[in-house]
Amino acid sequence: MSFAEDLAALFARDLSKMVEQIRAFPSDEAFWATPPGITNSAGTLALHMDGNLREYVGRQLGGVSYTRDRPAEFSTRGIARDELIARLAELCELVPSIVAGLSDAQIEAIYPDVVFGAPMQTRWFLLHLYGHLNWHRGQLDYGRRIVESRPASASPTR
């Protein structure tokens with residue numbers, strides 16, 4: 001397999017895992033909760049990943065029409081989990097198909113947009129996006145564990 005095909009398979013796997021994690025939340029309310037010490041709810045993280053990957057992979061590399069509203073990714077609240085699951089399920093198809101379809105020349109080329117203040121190779125930026133996905137996927141998982149937590153019961157006597 002090529003680098004693009006390998007990375008596409010990883011995006012497919014981990015976007016699917018993000019969908020599973022969203023389904024595991026006990027309620028829409030828990031999905032949007034921001035417990036003390038947590039900046040972004042799981043819902044915010046899901047919206048952010050949707051916008052991030054649609055922009056940087058879908059639009060920039062795949063030519064898919066999209067207008068990103070990054071501030072709304074962090075200010076919107078209360079969207080039903082089912083809607084975000086549907087959006088991410090679309091990404092499970094979109095992102096891997098675009099990434100797998102990139103030629104070696106496209107992978108080695110300079111990414112079409114300057115994102116971090118300087119040109120970068122598409123390979124490097126795709127690896128960054130994959131890491132970014134998993135960073136937020138981990139935050140989402142820990143957020144779920146926190147909102148599901150129950151007070152510890154008394155220690156058993158020995």
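### Some thoughts on the overall build of the chain
Item 1. For the chain, the count of helices and strands is seven helices and zero strands.
Item 2. Ordering the α and β elements of the chain from the N terminus gives α-α-α-α-α-α-α.
Item 3. Dimensions of the chain, computed from the C-alpha atoms along their principal axes, are close to 65 × 35 × 30 Å.
Item 4. Looking at the 158 residues of the chain, the share that counts as buried comes to 42%.

### Topic: helix α1 (residues 3–23)
Item 1. Compared with the 30 Å implied by 1.5 Å per residue over 21 residues, the 30 Å span of α1 between its first and last C-alpha is a close match.
Item 2. Listing the buried residues of α1 in full gives A4, L7, A8, F11, D14, L15, M18, V19, Q21 and I22. An end-on view of α1 places all buried positions within 155 degrees of arc, on one side of the element. Summarising the geometry of α1, the exposed residues directed more than 90 degrees from the buried face are E20 and R23.
Item 3. If you follow the buried residues of α1, they end up packed against α2 (28–31), α3 (42–59), α5 (81–100), α6 (104–108) and α7 (122–148).

### Overview of the layout of surface pockets
Item 1. Taken as a whole, the largest pocket holds about 190 Å³ of empty space.
Item 2. Taken together, 18 residues form the lining of the largest pocket, with I38, N40, L45, Q139 and G143 sitting closest to its centre.
Item 3. Elements with a contribution of two residues or more to the lining of the largest pocket: α2, α3 and α7.
Item 4. Take the lining of the largest pocket: its biggest share by element is seven residues, from α7.
Item 5. Its residues assigned to classes, the lining of the largest pocket shows 12 nonpolar, six polar and no charged.

### Observations regarding the environment of H48
Item 1. Looking at the element boundaries, H48 is found in helix α3.
Item 2. According to the relative accessible area criterion, H48 is buried, its value standing at 2%.
Item 3. Sequence separation of H48 and R68 is 20 residues, and the distance between their C-alpha atoms is 10 Å.

### Focus on the confidence of the model for the chain
Item 1. Chain-level statistics for the chain give a pLDDT mean of 93 and a share of 94% at 70 or above.
Item 2. The low-confidence segment residues 151–158, where pLDDT is below 50, has zero contacts with residues more than four positions distant or belonging to other chains.

### Digging into the side chain of E73
Item 1. Looking at where E73 falls in the secondary structure, it is placed in helix α4 (residues 70–75).
Item 2. Within polar-contact distance, the side chain of E73 engages the side chain of H48 at 2.9 Å.
Item 3. Among residues more than four places away in sequence, those in contact with E73 are T44, L47, H48, G51, N52 and R68.

### A few points about the pattern of salt bridges
Item 1. Tallying each qualifying case throughout the model produces 13 salt bridges.
Item 2. D14 serves as the salt-bridge partner of R13, at 2.7 Å between the closest nitrogen and oxygen.

### Side note on the packing of aromatic side chains
Item 1. Applying the stated criterion across every chain yields a total of seven aromatic pairs.
Item 2. Aromatic pair Y56 and F125: ring centres 5.2 Å apart, planes at 85 degrees, arrangement edge-to-face. Placement of Y56 in helix α3 and of F125 in helix α7 is noted, with a sequence separation of 69 residues between them.
Item 3. Owing to a relative accessible area of 14%, Y56 belongs among the buried residues under this scheme.
Item 4. The class of F125 is buried, set by a relative accessible area of 1%.
Item 5. Judged by centre distance (5.8 Å) and plane angle (75 degrees), the rings of F116 and F125 are edge-to-face.
Item 6. Grouped by ring-pair contacts, the aromatic residues Y56, Y111, F116, W124 and F125 constitute a single cluster.
Item 7. Against the face of F3 rests R123, its NZ or CZ located 4.2 Å from the ring centre.

What counts as what
Residues numbered from 1 in each chain as written. Predicted model: local features only at pLDDT ≥ 70, side-chain atom pairs only at ≥ 80, totals over all residues. Heavy atoms only, no water. Helix = DSSP H or I, 4+ residues; strand = E, 2+ residues; numbered from the N terminus. Buried < 20%, exposed > 50% of the residue type's maximum accessible area, 1.4 Å probe, protein only. Expected span 1.5 Å × (residues − 1). Arc of directions from axis to C-beta. Contact = heavy atoms within 4.5 Å. 1 Å grid on protein atoms, 1.4 Å probe; cavity = no way out; pocket = protein on both sides within 12 Å on 5 of 7 lines; lining within 4 Å. Points joined across faces, edges and corners; volume = space filled by probe spheres on them. Nonpolar A, V, L, I, M, F, W, Y, C, P; charged D, E, K, R; others polar. pLDDT = per-residue confidence, 0-100. Polar contact = N/O pair within 3.5 Å; in protein donor to acceptor, adjacent residues only side chain to side chain. Salt bridge = Lys/Arg side-chain N within 4 Å of Asp/Glu carboxyl O. Phe/Tyr/Trp six-rings, centres within 6.5 Å; stacked < 30°, edge-to-face > 60°. Lys NZ or Arg CZ within 6 Å of the ring centre and 35° of its normal.

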